[in-house]
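# Inside the fold
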Amino acid sequence: DLVRQFCDGKLTDVERTAIKLRYAQHYYQISMQAGELYVKGGKSLLSSLELFDCERTNIEMAFQFLADAHMTGKEETERAKLLVALVGTIVNTGDLRFSNIENIRWLEVQLDMARFTKDRTHEANALGNLGIAYRRLGNPHKAIVFYEECLKIHRETSDQDGEGKTLGNLGNAFFQLGEGDKAIRFLEEALRLKRATKDYHGMALGLGSLGNAYVRRGNVGMAIKLHEESLRLFRELGDHRGESYALGNLGNDYFAINKLHEAIGLYNQALVINRMLQDQNGEANTLWACALALFRTGERVQAIIHGEDALKIYESIESPLASQIRATLANWRGQA
C-alpha cells in the first residue's frame, strides 16, 4: 500500500487517467474473452465463469472508473464507448453472477452512455436487458415499458433478430401479468421470426416460453411437446443453463398433471446443473418447485427442508418471492 501511495504521488492527473483507461481497456478484453467462451457452451461455459470469477474484482473496478471518470472531447467519447462495450460483455456472465439490482445499475449507465454516443444497437440491448431485470424483480409493467422502447429501435433499424427476442420478452411479461392470450400472440410471432433468422438459441428459449403459456391455458400435452423440443435444442447447443431451464419447465408440466415423481426427477436433474453453474436464482427456483412437489406427495419434512434452502437463496439475492415463500413455509410448519 505504501509503495502504491508513493507511486501514485509521482503521477499527474493526466497520467493517472491514462493509466486507468489502459487498465479498463485490458479488463474489457478479459471480460469479452469470458463472454465469448460462454457463448460456445459446453465446457467452455464453465471456463467462462471461472475466468469471470477470477477477474470479477478487476472488471468491476474498470466499470467503476469508467462510470465515475469525467473527461472532455475525444477522450470522453472514448470513455463512453468503452463503458458501453464493457457492459455488453457481461450480458451472460453477469446475469449469473450479479443480483438484479447490480445488473440494473450497470445497464442504466450503459443506456446513458449508448445514448450519448448515439449507439442505437447498444441502446436497444440495454433497454431489453433492463426489461428482463425488472421482470425478474416482479415488475412486468415497468419491463413492458422498456421492451416497447426496445422494439421500436429494432424496427427502426430493421434488426429482425432483435425484434424476435423483444417480442418474446413482451410475451413473457404479459404471461407474468396473467394475460395468456396476448402472451401467446407475442410468443408465436417471436418464434416465427427466430425460425426465419435461424436463431436456434432464441428458438429454444421461445419454445420454452410458449410452452409455459400453453400450461397456463390448460394444454399440457402441447406444452410437453414444446418443452421437449426446447430441451433437445439446448442440449445440441451445449447450453447447460438453457438445459436446466427446459428441465424445470418439463418438471412443471408433469407437476400440472399430478405426475409428481416424474416432476421431482426432472427438478433434481435441473438442480445439479444449477449448482454446477452456481446459478443462485435458478437453484432457488428449482428448490422451491421441488418443495411444492414434495409437499403434494405428503413428504412434508423434505418439502420444508427444500423450501428453507430456497428461502435462504431468495433472501440473499433480495428476491421479491422471499416474503411469499416465508409465509408458505410458516403454514407448512403449522401443518407438520
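Above this text sits the structure in question.
Remember, predicted model here, so these are calculated numbers, not experimental data.

### Let's talk about helix H7 (residues 120-136)
Owing to its 3.6 residues per turn, the α-helix aligns residues three or four sequence positions apart on the same side. A rise of 1.5 Å per residue sets the reference length of H7, with its 17 residues, at 24 Å; its end C-alpha atoms lie 25 Å apart and thus fit the reference within 8%. Where H7 is concerned, the buried positions are Glu 123, Ala 124, Ala 126, Leu 127, Gly 128, Leu 130, Gly 131, Ala 133 and Tyr 134. Looking at the buried positions of H7, the neighbouring elements they touch are helix H6 (100-116) and helix H8 (140-156).

### Notes on the packing of aromatic side chains
All told, the structure shown has nine aromatic pairs when counted by the stated rule. Every member of this aromatic cluster is reached through a ring pair, and the members are Phe 52, Phe 63, Phe 98 and Trp 106. Here Arg 216 stacks its cationic end above the ring of Phe 175, 4.2 Å away from the centre of that ring.

### Points about the pattern of salt bridges
This structure, assessed with the given rule, holds 24 salt bridges. Put simply, Arg 241 and Asp 279 hold a salt bridge, and the shortest N to O gap is 3.4 Å. Residue Arg 241 is located in helix H13 (residues 240-256), and its partner Asp 279 is located in the loop between helix H14 (260-277) and helix H15 (280-297); the two are separated by 38 residues in the primary sequence. One salt-bridge network, held together by shared partners, links Arg 115, Arg 120, Glu 123, Glu 149 and Glu 156.

### With respect to the packing of helix H3 (residues 43-68) against helix H4 (residues 73-89)
In the contact formed by H3 and H4, the axes pass within 9 Å of each other and the chain directions differ by 145°. Between H3 and H4 lies a crossing of left-handed hand. Here Ile 59, Ala 62, Phe 63, Leu 66 and Ala 67 of H3 lie close against H4, whose contacting residues are Arg 79, Leu 82, Leu 83, Leu 86 and Val 87. Of the residues contributing to the contact of H3 with H4, the split by class is nine nonpolar, no polar and one charged.

### Here we look at the environment of Lys 182
Looking at where Lys 182 falls in the secondary structure, it is placed in helix H10 (residues 180-196). For the pair Lys 182 and Leu 170, spaced 12 residues apart in sequence, the C-alpha separation works out to 9.3 Å.

### Looking at the side chain of His 227
The topology assignment puts His 227 in helix H12 (residues 220-237). By relative accessible area, His 227 is classed as buried at 0%. His 227 has contacts with Leu 207, Gly 208, Gly 211, Asn 212, Ala 246, Asn 249, Leu 250 and Asp 253, leaving out every residue within four places of it along the chain.

### Digging into the layout of surface pockets
The method is simple in principle: a probe with the dimensions of a water molecule rolls over the atoms, and the space it marks as empty is what remains. Its boundaries defined by the atoms lining it, the second largest pocket holds a volume of some 320 Å³. As for the second largest pocket, its lining consists of Arg 4, Cys 7, Asp 8, Leu 11, Arg 16, Ile 19, Lys 20, Tyr 23, Met 61 and Phe 65. Of all the elements in the fold, those that place two or more residues in the lining of the second largest pocket are helix H1 (2-9), helix H2 (13-40) and H3. If you tally residues by element for the lining of the second largest pocket, the top one is H2, at four residues. Of the residues assigned to the lining of the second largest pocket, the class counts are six nonpolar, no polar and four charged.

### Concerning unusual backbone geometry
Even without being a glycine, Ser 158 presents a positive backbone phi close to 55°. Here Ser 158 is to be found in the loop between H8 and helix H9 (160-176). Note on Ser 158: relative accessible area 67%, which makes it exposed. Backbone geometry places Gln 278, a non-glycine residue, at a positive phi of 55°. Tracing the sequence through the fold places Gln 278 in the loop between H14 and H15.

### Examining the nonpolar core
With 103 residues, the main nonpolar core has Leu 66, Trp 288, Tyr 314 and Trp 332 as its most contacted residues. Sequence-distant contacts of Trp 288, that is, excluding residues within four places in its chain, are made with Gly 307, Ala 310, Tyr 314, Ile 325, Thr 328, Leu 329 and Trp 332.

Conventions adopted
- Residues numbered from 1 in each chain as written.
- Predicted model: local features only at pLDDT ≥ 70, side-chain atom pairs only at ≥ 80, totals over all residues.
- Heavy atoms only, no water.
- Helix = DSSP H or I, 4+ residues; strand = E, 2+ residues; numbered from the N terminus.
- Expected span 1.5 Å × (residues − 1).
- Buried < 20%, exposed > 50% of the residue type's maximum accessible area, 1.4 Å probe, protein only.
- Contact = heavy atoms within 4.5 Å.
- Phe/Tyr/Trp six-rings, centres within 6.5 Å; stacked < 30°, edge-to-face > 60°.
- Lys NZ or Arg CZ within 6 Å of the ring centre and 35° of its normal.
- Salt bridge = Lys/Arg side-chain N within 4 Å of Asp/Glu carboxyl O.
- Axes fitted to C-alpha atoms, helices over the stretch in contact; angles between N-to-C directions.
- Left-handed = near helix turned anticlockwise from the far one by under 90°.
- Nonpolar A, V, L, I, M, F, W, Y, C, P; charged D, E, K, R; others polar.
- 1 Å grid on protein atoms, 1.4 Å probe; cavity = no way out; pocket = protein on both sides within 12 Å on 5 of 7 lines; lining within 4 Å.
- Points joined across faces, edges and corners; volume = space filled by probe spheres on them.
- Core = buried A, V, L, I, M, F, W, Y, C linked by side-chain atoms within 4.5 Å.

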